[in-house]
Amino acid sequence: MEKAITIKNLKYQYDQNQPLFDGLNLNIEQGQWVALVGHNGSGKSTLAKLILGLLVADEGEIAVLGQTLSEDSVDEIRGQIGMVFQNPDNQFVGATVADDVAFGLENLEVPSEAMSAKIQAALEVVGMEEFTDREPHHLSGGQKQRVALASVLALEPKIIILDEATAMLDPDGRQMVQATLKKLKQLYGSELTLITITHDMDEASLADRVVVVNDGQLVMDGQPNQVFAQGATLAKIGLELPFSMQLIQRLDPRPQNYMNQQELLAWLSPLNK
Amino acid sequence: MAITFEQVNFSYGQGSLSQPILKDISTTIPSGKITAIIGQTGSGKSTLVQHINGLLKPTNGKVIINDFELTSQTKEKQLVALRAQVGMVFQFPESQLFANTVLEDVMYGSLNFGQDHLAAKEAAQAALTMVGLPSQHWDKSPFALSGGQMRRVAIAGTLALNPPIIVLDEPAAGLDPLGQAELVKLMLNLKKQDKTVVLISHQMDQVMTVADWTLVMHQGQVIAAETPTTLFNRPLSWFKKVHLDLPTAGQFAQQLMAQGWQFKERPLTLEQLAQAINQEVTIHE
């Protein structure tokens, strides 16, 4: 199967003295959920912009679903990728929730008789079907981000990139969006590649694979439990371990491997006799 | 500088269309401490803090900020004196950066308040040092900085005016762990300088770490005014009712208790939780 994204020897710098990426290589399989983590300014959002062709690499090659990114292919590639950004208030164009989801479909010239079914289906996936006629600015942050996600889903992309999409939300909103992402993965399986850019390690722990970026370098790449086993390295680059791992490190006796909160609760259970 | 609310009511609109937002609030924000205001979205937190610098005036009642009395009758002219006392940092303050360089941006407020160039520059440099932004960035465009750095520049703009009261609305939202830790350090530093810090926060872990005092808002009222430890030891049913979370450690402890674990007191920090678990395990071995 084709890779969802292939990055070969990527070089990019903002200004002449500060190379950000200096020969980056990264492959992402179709259907994978990859969490791209790193502190603010580590280069993870820049990488997303390079993949979308919003920025142009100085050297190297980016391919999306087997197609090399170039001036000629950029429009087609953007059609395959949906993007949800950090600030829920900056991504609305419609007067109602339904209008907003319709906007992208109109751009694709989807016939209007097909449109309302597509809108309804996308809003159902994110659990916002009852808000169709509401004004977007009256929604909570978590609801807005789910509508943004529905707008993207309606276009049936092969890849969705969420750039710090939960960073501005309150805990409830964050949970809502994370639950929606889990549902998407169950629903679409290998049909959908999900890339979440985040510095929230509890969110990263939901992914199949965690890629850690620091100063434009890949410093770790593995399953969540492999990455979270290296707490010292993460701390050095300004990242925190998930809560469960921080707790494990302070326990005596303690489990030998990373566990999420539910696993840790189950592990602790027989100790309380 | 303490802030006292005396029977403060605030409504938008008038007559039959009026919508009460704050309902009969009487409480005090202690001087020289960090006070966290918590409550779900729409509970009235932002409306409450906008009464501290007179962006809003009470419909009834008064707010006493040190020796300044804010009532419905307070004139705009009089508010100048209040605004020098209270620095406000809104949500995502980096969206208000505008100058060509970091230093100019931070100096802007002082120059506006009539300070000369040299004094404004010194105040700006002191504020940038306090927020921990290295001097190599001071002559850069604020827009060349990372999100966390921009946030700090914006906060420095407020600190440069050296107000005795500083109000921060969700200052850590969107920052990475390092940025959040810097911010906690900054708030503790401000307290050390005897500033009164008011913090709106959704992050209970942060509230537990930095706050000396908490006000809980619910449907326009202050329903709790106490230390974080007292607050977070309230029954779980109370938190459900007001739609608030416990700190992460408290949530985890609660799940253990549902499995039959017993703790003398509800652990509220990571350290307390680990200690409580280890102790229980040792007792039973």
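Throughout, residues of each chain are indexed from 1 in the direction in which the sequence is written. Here every chain gets a letter starting at A, and every ligand a number starting at 1, in the order they are written. A pLDDT threshold of at least 70 governs which residues receive local features in this predicted model, and a stricter bar of 80 or more applies before side-chain atom pairs are shown or counted, although totals over entire chains, interfaces and linings include all residues. Derived side-chain values reflect all non-hydrogen atoms in the structure, with water molecules and hydrogen atoms excluded from consideration.

You'll find chain B entered in an unreviewed UniProt entry as Energy-coupling factor transporter ATP-binding protein EcfA2, with Convivina praedatoris given as the organism. UniProt positions are given in the numbering used here, feature names are shortened, and annotations may be inferred rather than shown by experiment. Per UniProt, the comment on chain B under Sequence similarities (unreviewed entry) is "Belongs to the ABC transporter superfamily. Energy-coupling factor EcfA family." According to the UniProt record, the Subcellular location (unreviewed entry) comment for chain B is "Cell membrane".

As annotated in an unreviewed UniProt entry, chain A is Energy-coupling factor transporter ATP-binding protein EcfA1 from Convivina praedatoris. The heading Subcellular location (unreviewed entry) in the UniProt record of chain A holds the text "Cell membrane".

The next subject is the overall build of chain A. Secondary structure elements are defined from DSSP: runs of H or I of at least 4 residues count as helices, runs of E of at least 2 residues count as strands, and each element is numbered from the N terminus. On a plain count of helices and strands, chain A comes out with eleven helices and ten strands. Whereas a compact globule of 273 residues would reach a radius of gyration of roughly 19 Å, chain A reaches 20 Å, a difference of no more than 12%. In terms of overall dimensions, chain A has a C-alpha envelope of 60 × 50 × 35 Å along the principal axes. When a residue's accessible area, from a 1.4 Å probe over protein chains only, is under 20% of the maximum for its type it is buried; when over 50% it is exposed; and in between it is partly exposed. Taking all 273 residues of chain A together, 53% fall into the buried category. Put simply, of all contacts in chain A between residues at least 6 apart along the chain, 63% involve residues at least 24 apart. Values of accessible area rely on a 1.4 Å probe in the Shrake-Rupley scheme; residue burial ignores everything except the protein chains shown. Total accessible area on chain A is roughly 12,700 Å²; 44% of this is exposed by carbon and sulfur atoms. The average position of the 20 basic charges and that of the 37 acidic charges among the side chains of chain A differ by 8 Å. Atoms counted for the radius of gyration: C-alpha only. Globule rule: 2.2 Å times residue count to the power 0.38. We call two residues in contact whenever any of their non-hydrogen atoms come within 4.5 Å of each other. His is not counted, nor are the chain ends, whereas Lys and Arg count as positive and Asp and Glu as negative. A charge is said to be at NZ when it belongs to Lys, at CZ for Arg, at CG for Asp and at CD for Glu.

The domain limits used here are those given by an automatic or database domain assignment. We note that the domain assignment places domain 1 (1–85 + 166–176 + 193–228), domain 2 (94–162) and domain 3 (246–285) within chain B. With centres defined by C-alpha atoms, the gap from domain 2 of chain B to domain 3 of chain B works out at 44 Å.

A separate point is the interface of chain A and chain B. Each partner contributes to the interface: chain A provides 29 residues, whereas chain B provides 29 residues. In total, chain A and chain B occlude about 2,700 Å² of area from one another, counting both sides; carbon and sulfur atoms represent 61% of this. Buried area: the sum, over both parts, of the accessible surface (1.4 Å probe) that disappears when the two are put together. Summed over the three residues of chain A that lose the most area to chain B, namely F243, L265 and N272 of chain A, the buried surface amounts to 22% of that side. Take a side-chain nitrogen of Lys or Arg and a carboxyl oxygen of Asp or Glu: if they are within 4 Å of each other, that pair is a salt bridge. At the junction of chain A and chain B, the tally comes to one salt bridge. Here E271 of chain B ties to R250 of chain A by a salt bridge, and the two come within 2.8 Å at their closest N and O atoms. Any N or O atom pair separated by 3.5 Å or less is treated as a polar contact, with the protein-specific requirement of one donor-capable and one acceptor-capable atom, and with residues adjacent in sequence counted only for side-chain atom pairs. For the interface between chain A and chain B, the tally reads five residue pairs in polar contact (both at pLDDT 80 or more). For the side of chain A that touches chain B, the elements supplying multiple residues, two or more each, are α10 (243–249) and α11 (261–268) of chain A. Looking at the side of chain A that touches chain B element by element, the count peaks at six residues for α11 of chain A. For the side of chain A that touches chain B, the per-class residue count stands at 13 nonpolar, eleven polar and five charged. Amino acids are sorted into nonpolar (Ala, Val, Leu, Ile, Met, Phe, Trp, Tyr, Cys and Pro), charged (Asp, Glu, Lys and Arg) and polar (every other residue, Gly among them).

In the numbering used here, UniProt assigns the feature "domain: ABC transporter" (unreviewed entry) to residues 3–244 of chain B. Secondary structure content for residues 3–244 of chain B is 35% helix and 25% strand, while the C-alpha to C-alpha distance between its ends is 25 Å.

A separate point is unusual backbone geometry. All names here are of chain A. For the bond from D252 to P253, the omega torsion is 0°, close enough to zero to count as cis. Take P253: it is sitting in the loop between α10 and α11. Positioned with a positive phi, E164 is a non-glycine residue whose angle comes to about 50°. Considering the arrangement of structural elements, one finds E164 in the loop between β7 (159–163) and α6 (171–188). Judged by its relative accessible area of 7%, E164 falls in the buried class. Located in the positive-phi region is D215, a residue other than glycine, with phi close to 45°. Along the chain, the position of D215 falls in the loop between β9 (209–214) and β10 (217–222).

Note: interface size is frequently given as the accessible area lost on complex formation between the parts. Residue and element names in this part refer to chain A. For chain A, the domain assignment lists domain 1 (3–241) and domain 2 (242–273). Look at where the C-alpha atoms of domain 1 and domain 2 centre, and you get two points 31 Å apart. Listed as interface residues are nine residues of domain 1 and, on the opposing side, six residues of domain 2. Of the roughly 640 Å² buried where domain 1 meets domain 2, counting both sides, 63% is carbon and sulfur surface. Interface area lost by domain 1 to domain 2 is led by D202, F228 and L241, which between them contribute 67%. Where domain 1 touches domain 2, the interface holds zero salt bridges. Scanning the region where domain 1 abuts domain 2 turns up two residue pairs in polar contact (both at pLDDT 80 or more). Those elements that place two or more of their residues in the side of domain 1 that touches domain 2 are α7 (201–204) and α8 (224–228). Tallied by class, the residues present in the side of domain 1 that touches domain 2 amount to four nonpolar, three polar and two charged.

This part covers the pairing of strand β3 (residues 33–37) of chain A. Residues and elements named next belong to chain A. Of all the five residues making up β3, five are buried; the element is thus mostly covered by neighbouring parts of the structure. Because side chains alternate across β3, one face comprises the buried residues W33, A35 and V37, and the other comprises V34 and L36, equally buried. In the sheet, β3 pairs with β9 via four bridges, with the strands oriented parallel. Pairing of A35 across the sheet is with V210, part of β9. For two strands to count as paired, DSSP must find a minimum of two bridges between them.

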